[in-house]
Amino acid sequence: MRIGERLRELREAHGYSQEDLAQVLHVTRQSISRWENEKADPSLAMLVSIAELYDLSLEELFQDKQQAVIHEIDRKVRWGKWCLRIGLGLLIIGVLVSGTLLYGRKNQIVLIDRFNPFLKTKIEYAIAPTPEDLKKMKNKADKTNLDVDLWVTSDPFGSGEWIKMTLLEPADEENHYVIVRHKGSYVSGARVISKNDIPKPMQVNLGNDYVPYESKADGPRVELFETSLPANTIY
């Protein structure tokens, strides 16, 4: 006799409806129906509860096929637990990886941004400080390997981000624009160019003068989630 048939036989013999038995076992009527129609198996703990309800041992509950049935259910329960553990493990790994990538993006950690699979390499433009700007910033104008903050953008409408760059050569008064190849805060290439090398819409967007980063005025160095204007909006 199959387990579903045996469970139905015992229920009917003891005068329970599916609804009544579901209330006694604290499960849904659908669960009882699925067990009896062989669409799902009750757990071992539930089988023990059913046997106790009918005042039977597990051997008596399953009659001559008890061992095979018990082993089969036990195998399914253990497999279900392993699937749950694997699923939870993958979920935890996903949360940790996502959190690490977001943390690296927010704090502009170069190594994390470099290997972030969700970031794209961009070619963007910026204004570099001139020797006069560096003097105002109390840096040496003739110094090489200058660490400066640059606002990089390729969007005519003004979106972009601040990144810290090392300039291998100081910009001059005429050519103080920079083309930058970067992936988040990771810069893989940059060189000084003239204003005429920049597309016209970007020239207007960048302006003419270098402005250093100020957290109070400029806000976060990078926006994690870009916001967009409603359709048909002109500003």
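What counts and what doesn't
- Residues numbered from 1 in each chain as written.
- Predicted model: local features only at pLDDT ≥ 70, side-chain atom pairs only at ≥ 80, totals over all residues.
- Heavy atoms only, no water.
- Axes fitted to C-alpha atoms, helices over the stretch in contact; angles between N-to-C directions.
- Helix = DSSP H or I, 4+ residues; strand = E, 2+ residues; numbered from the N terminus.
- Parallel < 35°, antiparallel > 145°, perpendicular 65-115°, else oblique.
- Left-handed = near helix turned anticlockwise from the far one by under 90°.
- Contact = heavy atoms within 4.5 Å.
- Nonpolar A, V, L, I, M, F, W, Y, C, P; charged D, E, K, R; others polar.
- Pairing = 2+ DSSP bridges.
- Buried < 20%, exposed > 50% of the residue type's maximum accessible area, 1.4 Å probe, protein only.

A.B. asks: I would appreciate a short explanation of the packing of helix α2 (residues 18–25) against helix α4 (residues 44–53) in the present structure.
C.D. replies: Two quantities define a packed helix pair, namely the angle between the helix axes and the distance between the axes. Relative orientation of the contacting elements α2 and α4 amounts to 110°, with a least axis distance of 11 Å. By the criterion of interaxial angle, the relationship of α2 to α4 is roughly perpendicular. In terms of crossing hand, the pair formed by α2 and α4 is right-handed. Along its contact with α2, which presents Leu21, Val24 and Leu25, the element α4 presents Met46, Ser49, Ile50 and Leu53. The class makeup of the residues in the contact of α2 with α4 is six nonpolar, one polar and no charged.

A.B. asks: Looking at this structure, how should I read the packing of α2 against helix α3 (residues 29–36)?
C.D. replies: Close contact between α2 and α3 brings their axes to 8 Å; oriented N to C, the two are set at 110°. One finds that α2 runs roughly perpendicular with respect to α3. Counted together, Gln18, Glu19, Leu21, Ala22 and Leu25 of α2 and Arg29, Ile32, Ser33, Trp35 and Glu36 of α3 form the full contact between these two elements. Across the contact of α2 with α3, the residue classes break down as five nonpolar, two polar and three charged.

A.B. asks: Got a minute to help me understand the sheet that holds strand β4 (residues 177–183) in this structure?
C.D. replies: Strands belonging to one sheet form pairs held by backbone hydrogen bonds; the direction of such a pair is parallel or antiparallel. Pairing is antiparallel in the open sheet, where three strands are placed in the order β1-β4-β5. Only two strands of the sheet have a single partner each, and these edge strands are β1 (122–127) and β5 (186–193). Taking each pair of neighbouring strands and ignoring which way they run, the sheet shows an average axis angle of 25°. Across six bridges, β1 lies against β4 in antiparallel orientation. In the sheet register, Tyr125 faces β4, and the bridge partner there is Ile179.

A.B. asks: For this particular structure, what's the right way to read unusual backbone geometry?
C.D. replies: In terms of backbone geometry, most residues other than glycine have negative phi values and most peptide bonds are trans. Notably, Asp55 is not glycine yet its phi reads approximately 60°, a positive angle. Within the element layout of this structure, Asp55 appears in the loop between α4 and α5 (58–62). A relative accessible area of 69% places Asp55 in the exposed class. Of note in this structure, Gln108 is not a glycine but carries a positive phi near 50°. Summarising the element assignment, Gln108 is placed in the loop between α6 (66–106) and α7 (110–114).

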